[in-house]
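So the chains spell out like this:
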Amino acid sequence: MKISKIVNVTMSSLPPFEDYINEIKPIWDNHYLTNQGPIHEKFRVKLKEYLKTDGITLFTNGHLALEAALSTLPQIDGEIITTPYTFASTTHAIVRSGYKPVFCDIRFDNYTIDASKIESLITEKTVAILPVHVYGNTCDVHSIEDIAKKYNLKVIYDAAHVFGVEIDGKPIIQFGDISMLSFHATKVFHSVEGGALAYNNALYEKELDLFKNFGISGAECVDKVGFNAKMSEFHAAMGVVNLKYVNDEIAKRKIVYEEYGQFLKNINGIKIPSVDINVKQNYAYYPVIITEEYPLTRDELFDKLKDNNVFARKYFYPIVNEFNCYKNIYDSNETPIAKYVSDRVITLPIYGDIDLEVVREVCKIIGN
Ligand SMILES: *Cc1c(COP(=O)(O)O)cnc(C)c1O
């Protein structure tokens, strides 16, 4: 049966209106709108507590945070081993920073980079590994750490999807040299636009603060070719307020996630996300793979959902090595699992306030 109201793949969470107004009120007294103001500092301190990390630098968005992370690498050129199964940002950050992406295939169980295939891609030009904790699924952080140590490579994680995720009780962002978080409006936790880098090495703090503010180190001193990626007080205020509600948001998503699993696990040809018992999840996305046993192709099911007012997403399709701007340089057949998954994936609507009745309707459309 057609769902009466349009259902999108996500809907941004919003805190109570009064909460946000109270948070921004002091701005009308101090006229501090941006450039590391008091709310920016408050947000940073609260994030450190929540994410259990000492090093946090805030940015305008996740993408510029990732470019800033790459600016800390010891060399300004060379190769970076990464995954093609990600959002455009990951690869663009590498290319725009002057490095060459080298694509490694992914695992079929959780769609993160296949660590067993990294070593064969390492050359003398390799400077870093840039894996993605895609959909909130955790990369094989221990194997990646071993490889990085053995070859003296830096590891920068695209952690845009893993806000609050822990593995064996340890925040996933504690792995690697630097992890990039995105606080875009469509993420589990957001500050409208925003992002951060998390790191354990205190030396990064000064360097990153400099880089995100044009490299300006004093009134009459510019040390670095930086850019402008500072987070404003209004964005930081949204972050501070949303942080109070993020645990509720994750708890509500868990119920939705389990509802999907309950209904979809028995449908032939639908591969649902696997659950790792040692991972504390954030339920960021609900990707399903439409295999050959399902009566419709992925695109047919996608259109059927659309005809019923369900606007799911083919996320990630196409994969990065099939983008118009990269397809002449790369061959997606070299990452066959990523290609297979990308050609068959649909991410279903999931957000804290979605009606469970709607979730069941979506499952019914898929089931018959
Ligand atoms: C959202 C996202 C980014 C970019 O973050 P912005 O804050 O939107 O700039 C990077 N990588 C992945 C995997 C993302 O999903």
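Going by the structure above, here's the rest.
All values derive from a computational prediction rather than experimental measurement.

1. What about the sheet that holds strand β15 (residues 286-290)?
Pairing within the open sheet is antiparallel, and its 3 strands lie in the order β13-β15-β17. Two strands lie at the open edges of the sheet, namely β13 (270-271) and β17 (345-348), each paired on one side alone. When β13 meets β15, the two strands line up antiparallel, connected through 2 bridges. Bridge pairing in β15 places Lys 271 opposite Ile 289.

2. With respect to the layout of surface pockets
Taken as a whole, the largest pocket spans an internal volume of roughly 480 Å³. In terms of lining residues, the largest pocket is bounded by 28 residues, among which Phe 87, Thr 186, Lys 187, Tyr 285 and Tyr 315 are the most central. Mapped onto the lining of the largest pocket, the elements with two or more residues apiece are α4 (62-70), α5 (88-96), β9 (178-182) and β17. Grouping the constituent residues of the lining of the largest pocket by class yields 11 nonpolar, 13 polar and 4 charged.

3. Section: the sheet that holds strand β4 (residues 100-103)
Pairing between sheet strands relies on hydrogen bonds along the backbone, with the strands arranged either parallel or antiparallel. Overall, mixed pairing links the 7 strands, which are arranged β2-β10-β9-β6-β5-β3-β4 in an open sheet. Looking at which strands have only one partner, the edges of the open sheet turn out to be β2 (55-59) and β4. Strand-to-strand twist in this sheet, taken as the mean axis angle between neighbours without regard to direction, amounts to 25 degrees. Seen against the sheet, α5 touches β3 (79-82), β4, β5 (126-130) and β6 (154-158) and runs at an angle of roughly 140 degrees to β4. Packing of helix α7 (residues 203-211) onto the sheet brings it into contact with β2, β6, β9 and β10 (195-199), and relative to β10 it is tilted by some 155 degrees.

4. Here's the deal with the site of the ligand
Within the structure, the ligand sits among 16 residues, and Gly 62, Asp 158, His 161, Ser 182 and Lys 187 are positioned closest to it. Side-chain polar atom of Asp 158 to a nitrogen atom of the ligand: 2.7 Å apart, as the coordinates give it. Within the contact set of the ligand, an oxygen atom lies 2.7 Å away from a side-chain nitrogen or oxygen of Ser 182. Within the complex, 93% of the 380 Å² of free accessible area of the ligand lies under protein. One can see that the ligand is located within the largest pocket.

5. Looking at the nonpolar core
One finds Tyr 85 and Leu 348 to be the most contacted residues of the largest nonpolar core, which totals 92 residues. With 11 residues, the top contributor of residues to this core is helix α8 (residues 233-264). Apart from residues no more than four positions distant in its own chain, Leu 348 is found in contact with Val 9, Tyr 260, Leu 264, Tyr 286, Val 288, Leu 305, Ala 312, Val 362 and Ile 366. Residues Ala 69, Ile 94, Tyr 99 and Ala 229 belong to the second largest nonpolar core, which totals 26 residues.

6. Focus: the pairing of β9
With 5 of 5 residues buried, β9 lies mostly within the body of the structure. Residue alternation in β9 divides its side chains into two sets, Ile 178, Met 180 and Ser 182 and Ser 179 and Leu 181, and both sets are buried. With 3 bridges connecting them, β6 and β9 associate as parallel partners. Across the sheet, residue Ile 156 finds its bridge partner in β9, namely Ile 178. Taken together, the 5 bridges between β9 and β10 define a ladder with antiparallel strand orientation. Each bridged residue has a counterpart across the sheet, and for Leu 181 the counterpart in β10 is Ala 196.

Here is what the cut-offs are and how they apply
- Counting from 1, residues in each chain are numbered in the order their sequence is written.
- In keeping with the predicted nature of the model, local features appear solely for residues at pLDDT of at least 70, side-chain atom pairs appear and are counted solely at 80 or more, and the whole-chain, interface and lining totals rest on all residues.
- Think of the side-chain values as coming from all heavy atoms in the structure, minus any hydrogens and water.
- By the convention used here, strands pair only if DSSP detects at least 2 bridges between them.
- Runs of E in the DSSP output that reach at least two residues are strands. Runs of H or I that reach at least four are helices, and both are numbered from the N terminus.
- Note on definitions: the grid is 1 Å and covers protein atoms alone; a cavity is a set of points where a 1.4 Å probe fits but cannot get out; a pocket is an open set with protein on both sides within 12 Å along at least five of seven lines; lining residues have an atom within 4 Å of a point.
- Grid points are joined across faces, edges and corners, and a volume is the space filled by probe spheres set on the points.
- Charged residues are taken to be Asp, Glu, Lys and Arg, nonpolar residues to be Ala, Val, Leu, Ile, Met, Phe, Trp, Tyr, Cys and Pro, and polar residues to be all remaining types, Gly included.
- In this analysis, axes come from line fits to C-alpha atoms, helices being fitted only over the stretch in contact, and the angle between any two N-to-C directions falls in the range 0 to 180 degrees.
- Two residues form a contact once any of their heavy atoms are found within 4.5 Å.
- Put simply, a residue is near a molecule or strand once any heavy atom of it comes within 4 Å of that molecule or strand.
- Polar contacts here mean pairs of N or O atoms no more than 3.5 Å apart (in protein, one a potential hydrogen donor and the other a potential acceptor; neighbouring residues in sequence count only if both atoms are side-chain atoms).
- Surface exposure here means Shrake-Rupley accessible area, sampled with a 1.4 Å probe, where a residue is shielded only by the protein chains that are shown.
- Grid points define the cavity or pocket, and a molecule sits in it when more than half of its atoms lie within 2 Å of them.
- Only buried residues count toward a nonpolar core. Its members are Ala, Val, Leu, Ile, Met, Phe, Trp, Tyr and Cys residues joined through side-chain atoms within 4.5 Å.
- Note on exposure labels: buried denotes an accessible area under 20% of the residue type's maximum, exposed denotes more than 50%, and partly exposed covers the range between, all computed with a 1.4 Å probe on protein chains only.

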